[in-house]
Amino acid sequence: MKIKGLIFDLDGVIVSTEINHFDAWSAIAEQLSIEFNEADNEKIKGLSRSDSLDVICDLGSIQLTYYEKLEYLELKNKMYLDSIQSLNKDDLLPGVLHLLKQAKKKDLKLALGSSSKNAKYILQKLFITDYFDVIIDGNDVESPKPDPEVFLKGAEGMGLNVEDIVVFEDAESGILAAQTGGFYTVAVGNRKLKNCADECIDHLGEFLLKNYE
Ligand code: BG6
Ligand code: MG
């Protein structure tokens, strides 16, 4: 495969914010008296904020009203944002900066494909916004992951065909989305995905562009 473009998920691929999402959801689940553990968290990784709350409520067989749901979503986001206040370049996961720089040198197109509505804010905090030719986040899609829309919009923005693009993901919902869209998939930092992705690596430092020229 000769790669022409890369699409990166954000949380858990570029930056270590998955743990902040997990902590905030754990606090919400506790308020709702719902048991929520790391295995449950695997099911919501990559989903939109709203879909994540639906899954958590299903776990506890709880049905919230429309307004209760809005309140919990706002509270979760407030807790999450408070917890990432001091996020900075040191929180970039291993190999990220090197791969972004190498890809730019080789004139590859780069896109972000994230479910997060906080994605642009986080990229700014990490000082890596300018590396991306296209940024598609939770504000830009009607159908969130596992629907492929976020990645298909990324491909369209880069002006490339899906078969020339690699998608990096740490969540099952994201790998599914990319596969449905027809992309080459690389699971990052999640060995449980090794059977469903095309490739599985521990961190982006293991991905060598020279093997795809
Ligand atoms: C995804 C995360 O990137 O974004 C999920 O994997 C998170 O854990 C989702 O729920 C939505 O993020 P946000 O920042 O819009 O609440
Ligand atoms: Mg992720």
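Look up a bit, the structure's there.
As the structure is a computational prediction, the values presented were derived from the model and not from experiment.

### Brief notes about the sheet that holds strand β6 (residues 199-201)
(1) Moving on: Strands sit in the order β3-β2-β1-β4-β5-β6 across an open sheet of 6 strands; the sheet is parallel. Among the strands making up the open sheet, the edge pair consists of β3 (134-136) and β6. When strand polarity is set aside, the average angle formed by the axes of neighbouring strands in this sheet is 20°.
(2) Moving on: Against the sheet, helix α5 (residues 96-105) contacts β1 (5-8), β2 (109-113) and β4 (165-169), and its axis sits at roughly 155° relative to β1.
(3) Moving on: Strands in contact with helix α7 (residues 149-158) are β1, β2, β3 and β4; relative to β3, the strand with the most contacts, it is inclined by about 160°.

### Quick word on the pattern of salt bridges
Oppositely charged side chains can form a pair if their charged atoms are brought close together.
(1) Moving on: If you walk through the whole model with that rule in mind, you get 13 salt bridges.
(2) Moving on: Asp164 is the partner of Lys4 in a salt bridge, and the nearest nitrogen-oxygen pair spans 3.7 Å. Of the two residues, Lys4 sits in the segment before β1 while Asp164 sits in the loop between α7 and β4, which places them 160 residues apart along the sequence.
(3) Moving on: Overlapping salt bridges, with partners in common, bring together Asp9, Lys145 and Glu169 in one network.

### Some thoughts on the state of the cysteines
(1) Moving on: Enumeration according to the criterion identifies 0 disulfides in this entry.
(2) Moving on: In this structure Cys196 is a free cysteine whose sulfur lies 8.5 Å from that of Cys200, the closest cysteine sulfur available.

### Quick word on the coordination of the magnesium ion (ligand 2)
(1) Moving on: For the magnesium ion (ligand 2), the full set of protein donor atoms is Asp9 (OD), Asp11 (O) and Asp170 (OD), at a range of 2.0 to 2.1 Å.
(2) Moving on: Linear spacing of the donor residues for the magnesium ion (ligand 2) on their chain is D-x1-D-x158-D. Of this pair, Asp11 sits in the loop between β1 and α1 (18-31) while Asp170 sits in the loop between β4 and α8 (172-181), and the two are 159 residues apart along the sequence.
(3) Moving on: With relative accessibility at 6%, the residue Asp11 sits in the buried group.
(4) Moving on: Overall, the relative accessible area of 3% leaves Asp170 in the buried class.

How each quantity is defined
- Residues numbered from 1 in each chain as written.
- Chains lettered and ligands numbered in written order.
- Predicted model: local features only at pLDDT ≥ 70, side-chain atom pairs only at ≥ 80, totals over all residues.
- Heavy atoms only, no water.
- Pairing = 2+ DSSP bridges.
- Helix = DSSP H or I, 4+ residues; strand = E, 2+ residues; numbered from the N terminus.
- Axes fitted to C-alpha atoms, helices over the stretch in contact; angles between N-to-C directions.
- Contact = heavy atoms within 4.5 Å.
- Salt bridge = Lys/Arg side-chain N within 4 Å of Asp/Glu carboxyl O.
- Disulfide = S-S within 2.5 Å.
- Donors = N, O, S within 2.8 Å, 3.2 Å for Na, K, Ca; no water.
- Buried < 20%, exposed > 50% of the residue type's maximum accessible area, 1.4 Å probe, protein only.

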